[in-house]
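Spelled out, the chains give:
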Amino acid sequence: MAQVRAAQAARTSYGRLVALLAAGNGDIAAAEDALADAFERALTAWPVDGVPHNPDAWLLTVARNRMRDRWKSADTRRTVAWDPDWHDPAHLDALDLDAVPDRRLELMLVCAHPGIDKTVRTPLMLNTVLGCTGEQIARAFALPAPTLAARLVRAKRRIKDARIPFQVPDVHVLPERMDAVLEAVYGAYAIDWHTTGTELRPALAGEALHLAETLAHLAPSDAEAHGLAGLICLSLARHPARLDADGRFVPLPEQDTARWDGELIRRGREHLRQAHGLRELGRFQLEAAIQAVHCARRESGAIDWVSLRDLYEALHGLAPGLGSATALAAVTAETDGPEAGLALLDRITDRTARFQPAWATRAHLLERLGRVAEARAALDKAISLTHDPAERAHLTARRTAR
């Protein structure tokens, strides 16, 4: 039980604690090292002494003491140019988990600072704020893990050496960093974390929702901030119906809408209304609108395929990608027939070798056309690329039934 609680704290509190520890002097690497020591000590102490009443406060105290000891050490005194305003341990003494506000948003804005290379901003936020490992992020961004690790180290050193302040920038500067922050929050929700275990997804999704709605509150005139918050609300609303009572995967068109979260749907629609009122169309708003059309089945009992096709055409025109192209093919098959959908898939064949949704969609359309052998081959490919156990079982059952 103690190990489970420590792992849970690592998933849900990592970014908040790193942000608190690093805010005083900008040394993210030192904060991460101290927090790693605290988690290691928790794994040893909690099974013996019991899990503390407030695990986060316990971890913060241990990590704070580790950082204080490091700053006071003779080695640090010899090798670091001492600046009382920047290195004084009093910064740590003032930390109170219950009294100090959540600093994660400020940490994200630090990671999105103009002084940080654009290519590393989103990975840096995923790593420091949401505790995603370098290996997970490297896989998601199709980068060698050592390459990404080196970039993260350089970026953290840059934040420390440049003394980039932990603060929400002036309203005139905030828009310059907002795109990178929104992308990172979206990445936390959308990246396929099933490659490392489904237990990580609920924690990340919940953090992404919290951060997205915080951004929408911070920047109420940013249409894409509302669009992202709406997108995550509407997507998460359907999560309870993704598996049936026996743990089997349920495709979206077959889900029981009574199990969807009505409050999240309401909040998502409200964010979408606010975004629409700002008259600045963007990618996240279109994705949120697509989710809203799916959620409308809760009232209408039917899927509006024509509206979905129109929205996916707009999305693919504004932000073309494999995901939007595959989804456009799938909905076009519903409005214009499987041949039309397959023709759209054929246009991107050269880019879909490792893209599971394209193969699953191709198998479905080939099945509808009666091209059984080709459908089986496509389904085999989709299964080989599927990491989520429930979805793999669903596809395997389909393959066995053919």
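Residues numbered from 1 in each chain as written. Predicted model: local features only at pLDDT ≥ 70, side-chain atom pairs only at ≥ 80, totals over all residues. Heavy atoms only, no water.

Colleague: Any chance you could explain unusual backbone geometry here in plain terms?
Modeller: Residues other than glycine predominantly adopt negative phi, and peptide bonds predominantly adopt the trans conformation. At R163, a position not held by glycine, the phi torsion is positive, near 55°. Along the chain, R163 falls in the loop between α10 (145–162) and α11 (174–190). Looking at R163, the relative accessible area reads 35%, which means it is partly exposed. For R279, which is not a glycine, the phi torsion comes out positive at approximately 55°. Mapping R279 onto the fold places it in the loop between α14 (262–277) and α15 (283–295). Using a relative accessible area of 64% as the deciding quantity, one classes R279 as exposed. (Helix = DSSP H or I, 4+ residues; strand = E, 2+ residues; numbered from the N terminus. Buried < 20%, exposed > 50% of the residue type's maximum accessible area, 1.4 Å probe, protein only.)

Colleague: Would you explain the nonpolar core in this entry?
Modeller: If you look at the biggest cluster of nonpolar residues, it comprises 111 residues, and the most contacted ones within it are L35, L107, M108, M125, V185, L228 and I232. L228 has contacts with L182, V185, Y186, A212 and F284, leaving out every residue within four places of it along the chain. (Core = buried A, V, L, I, M, F, W, Y, C linked by side-chain atoms within 4.5 Å. Contact = heavy atoms within 4.5 Å.)

Colleague: So what exactly am I meant to see when it comes to the environment of R309 here?
Modeller: As for its placement among the helices and strands, R309 is situated in helix α17 (residues 305–318). Between the C-alpha atom of R309 and that of V331, which follows or precedes it by 22 residues, the distance is 5.6 Å. Those residues in contact with R309 that lie beyond four places of it in its chain are L328, V331, T332, T335 and D336.

Colleague: Would you explain the pattern of salt bridges in this entry?
Modeller: Pairs may arise between side chains of opposite charge once their charged atoms sit close together. For the structure shown, the criterion picks out 18 salt bridges. Two residues, R248 and D244, come together in a salt bridge whose shortest N-O distance is 3.0 Å. The salt bridge partner of E367 is R398, with a shortest N-O separation of 3.3 Å. Residue E367 is located in helix α20 (residues 356–368), and its partner R398 is located in helix α22 (residues 389–401); the two are separated by 31 residues in the primary sequence. For R398, a relative accessible area of 17% gives the class buried. (Salt bridge = Lys/Arg side-chain N within 4 Å of Asp/Glu carboxyl O.)

Colleague: In this structure, what is going on with the confidence of the model for the protein? I would like to understand it.
Modeller: Fine structural detail should not be taken from predicted coordinates in areas where pLDDT scores are low. On average, residues of the protein score 85 in pLDDT, and 85% of them are at 70 or above. In this model, residues 192–200 is a region of pLDDT below 50 whose contacts with residues beyond four sequence positions or in other chains number 20 contacts. (pLDDT = per-residue confidence, 0-100.)

Colleague: Honestly, empty space enclosed by the protein in this entry has me stumped. Any pointers?
Modeller: Here the idea is plain: a probe the size of a water molecule rolls over the atoms and shows the empty space left. Inspection of the entire model under this criterion finds 2 cavities of 30 Å³ or more. Its boundaries defined by the atoms lining it, the largest cavity holds a volume of some 40 Å³. Lining the largest cavity are L345, I348, T349, T352, A358, W359 and R362. Among the elements that line the lining of the largest cavity, the one with the most residues is α20, at 3 residues. Of the residues belonging to the lining of the largest cavity, the class tally is 4 nonpolar, 2 polar and 1 charged. (1 Å grid on protein atoms, 1.4 Å probe; cavity = no way out; pocket = protein on both sides within 12 Å on 5 of 7 lines; lining within 4 Å. Points joined across faces, edges and corners; volume = space filled by probe spheres on them. Nonpolar A, V, L, I, M, F, W, Y, C, P; charged D, E, K, R; others polar.)

Colleague: How should I be thinking about the packing of helix α13 (residues 223–237) against α14 in this particular structure?
Modeller: When two helices pack together, their arrangement is given by the angle between their axes and by how far apart the axes lie. Where α13 contacts α14, the axes come no closer than 8 Å and their chain directions differ by 160°. The pairing of α13 with α14 is recorded here as roughly antiparallel in orientation. Of the two possible hands of crossing, α13 and α14 adopt the one that is left-handed. Here α13 contributes A223, H226, G227, A229, G230, C233, L234, L236 and A237 to the contact with α14, which in turn contributes L264, I265, R267, G268, R269, H271, Q274 and A275. Grouping the constituent residues of the contact of α13 with α14 by class yields 9 nonpolar, 6 polar and 2 charged. (Axes fitted to C-alpha atoms, helices over the stretch in contact; angles between N-to-C directions. Parallel < 35°, antiparallel > 145°, perpendicular 65-115°, else oblique. Left-handed = near helix turned anticlockwise from the far one by under 90°.)

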